[in-house]
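Spelled out from the first residue to the last, the chains are:
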Amino acid sequence: MPPVALLARIEAKPEHAEAVAELLLGALPLAQQEVETRTWYAFRESTTVFGIFDTFDDEQGRQAHLQGPIAAALMEAAPRLLAAPPDIRRLDLLAAALP
């Protein structure tokens, strides 16, 4: 079980919601290339609210992800596409049910 995670809440400006969805869909291949990212999920909560949940074996993996291309693309697009800066929370996992 990966012991650490990130949960990011992303709120798009209404006129840019589909662009944010496309940005997240396009990030999947980048997440698949990150050797220290164990799981990566992008999701949509409502018309304009999105999120990312990802897990890592340790803090080193989490830091590598935060300094990687997905975070860079999100922060670069934030002023133009997002209603507010992403709300990124660091989590310690207690339990997981995995296949």
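Residues numbered from 1 in each chain as written. Predicted model: local features only at pLDDT ≥ 70, side-chain atom pairs only at ≥ 80, totals over all residues. Heavy atoms only, no water.

> Give me the pattern of salt bridges: which residues, what numbers.
Following the criterion strictly, the structure yields six salt bridges and no others. Of the charged contacts in the structure, one is a salt bridge between R90 and E59, with a shortest N-O distance of 3.0 Å. Highlighted residues: R90 in strand β4 (residues 87-92) and E59 in helix α2 (residues 59-66), separated in sequence by 31 residues. We note a salt bridge from R89 to D87, for which the minimum N-O separation is 2.9 Å. Taking relative accessible area as the criterion, D87 reaches 30% and is therefore assigned partly exposed. Overlapping salt bridges, with partners in common, bring together E59, R62 and R90 in one network. (Salt bridge = Lys/Arg side-chain N within 4 Å of Asp/Glu carboxyl O. Helix = DSSP H or I, 4+ residues; strand = E, 2+ residues; numbered from the N terminus. Buried < 20%, exposed > 50% of the residue type's maximum accessible area, 1.4 Å probe, protein only.)

> Would you mind going over the packing of helix α1 (residues 17-33) against helix α3 (residues 69-81) in detail, with residue names and values included?
Between α1 and α3, whose axes approach to 10 Å, the crossing angle comes to 170 degrees. Viewed along their axes, α1 and α3 adopt a mutual orientation that is roughly antiparallel. Where α1 approaches α3, its residues A19, V20, L23, A27, L30 and A31 are matched on the opposing element by P69, I70, A73, L74, A77 and L81. (Axes fitted to C-alpha atoms, helices over the stretch in contact; angles between N-to-C directions. Parallel < 35°, antiparallel > 145°, perpendicular 65-115°, else oblique. Contact = heavy atoms within 4.5 Å.)

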